[in-house]
Amino acid sequence: MGRIRYAARSEDELRNRELEATSKGAWSTTLVAIFETDPEVLAAVLPPPLEAPPEPLARITIARVDMPGLPTFGAATVAVMARHEGTDADYALVMPMTTEQSVIGGRETFGEPKKMGQVTLERDGDRVHGEIARMGTTFVEVTGRVTGTLANPPDGRRTSFYFKFLPSPDGKGFDAEPSLVYCHRDETTRQLEAVDGEVILRDSRFDPVADLPVRRVLEITLAERRSIQSAEIHSHVPGDWLLPYVHQRYDDLSPVGED
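Now for a description of the structure that goes with this document.

### Topic: the overall build of the protein chain
Phase 1: From N to C terminus, the protein chain includes 4 helices and 11 strands.
Phase 2: For 259 residues, the compact-globule formula gives about 18 Å, and the C-alpha radius of gyration of the protein chain, at 19 Å, lands near that figure.
Phase 3: Along the first, second and third principal axes, the C-alpha atoms of the protein chain reach 60 × 45 × 40 Å.
Phase 4: Across the 259 residues that make up the protein chain, the buried fraction comes to 45%.
Phase 5: For the protein chain, long-range pairs separated by at least 24 residues make up 69% of all intrachain contacts whose partners lie at least 6 apart in sequence.
Phase 6: Across the protein chain, the mean location of the 29 positive side-chain charges is 5 Å away from that of the 42 negative side-chain charges.

Following this line, the structure appears as structure tokens:
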């Protein structure tokens, strides 16, 4: 009998491929739109202990990722800015991905709110167009025209807040207290362009980002960027604090066909 691949592995064979992939960094073509929204709406979507920052900003990222050794895939994020104990970071409401591997690794390792979806980013000359779709609805579009090249920013670190948890099998709360994860991305940009365009948010039952009013688009950029990711558990959060926000992670889709 040959090797039994489902059998236990030795210590030398154990690998966390998600950490391997994100710690090496991957180049991506990334369309980013930052817009002003209503402070009351932003505050309403933040679970404690996160707090609203002084400026009510939201961020849309639509990317085409070139991961070494893997097919190119689409990745997107709709996030709002948040603050915790003096640290400013973004808090993702939804992170659609186009491959199962990119969903599972990020959810289980970092607590990222990833879901399967359709993410497209296309450029035709100076025209650029990005879309995010799930469950039959295209709920985000960012479209515009590249107007010129910008100076590349210095290498920098961007931080995101995630909550890592598992619902209890008895349907009551969580297995254990949820963890607040600080996720850091050390970014290098090799090309950055300005885009004159617009942000369109459409209503979706499962991804209601249209509840965030687009009051003013501050900037849209198109970049070639590499990101190296690391993270740590900052602290644990009482389950009662997070339970009212669990629907952000899971689609409100009944298996018995009821609303």
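Once the structure has been displayed, the description carries forward.
### Observations regarding the pattern of salt bridges
Phase 1: Across all of its chains, the model carries 15 salt bridges by this definition.
Phase 2: In this structure, Arg83 engages Asp88 in a salt bridge whose closest nitrogen and oxygen atoms are separated by 2.7 Å.
Phase 3: What makes Arg83 partly exposed here is its relative accessible area of 29%.
Phase 4: Here Asp90 makes a salt bridge to Arg158, at a shortest N to O gap of 2.9 Å. Linking Asp90 in strand S4 (residues 87-97) with Arg158 in strand S9 (residues 156-164), this pair joins segments that are 68 residues apart in sequence.
Phase 5: Within the structure, one salt-bridge network assembled from shared partners comprises Lys115, Arg134, Asp207 and Asp251.

### Digging into unusual backbone geometry
Phase 1: A cis amide bond, omega 15°, links Pro48 with the succeeding residue Pro49.
Phase 2: On the secondary structure map, Pro49 appears in the loop between helix H2 (39-44) and strand S2 (57-66).
Phase 3: Even without glycine at this site, Glu85 takes up a positive phi of about 50°.
Phase 4: Along the chain, the position of Glu85 falls in the loop between strand S3 (73-84) and S4.
Phase 5: Judged by its relative accessible area of 63%, Glu85 is exposed.

Rules behind the numbers
- Residues numbered from 1 in each chain as written.
- Predicted model: local features only at pLDDT ≥ 70, side-chain atom pairs only at ≥ 80, totals over all residues.
- Heavy atoms only, no water.
- Helix = DSSP H or I, 4+ residues; strand = E, 2+ residues; numbered from the N terminus.
- Rg over C-alpha atoms; globule rule 2.2 N^0.38 Å.
- Buried < 20%, exposed > 50% of the residue type's maximum accessible area, 1.4 Å probe, protein only.
- Contact = heavy atoms within 4.5 Å.
- Lys, Arg positive; Asp, Glu negative; His and termini not counted.
- Charge placed at Lys NZ, Arg CZ, Asp CG, Glu CD.
- Salt bridge = Lys/Arg side-chain N within 4 Å of Asp/Glu carboxyl O.

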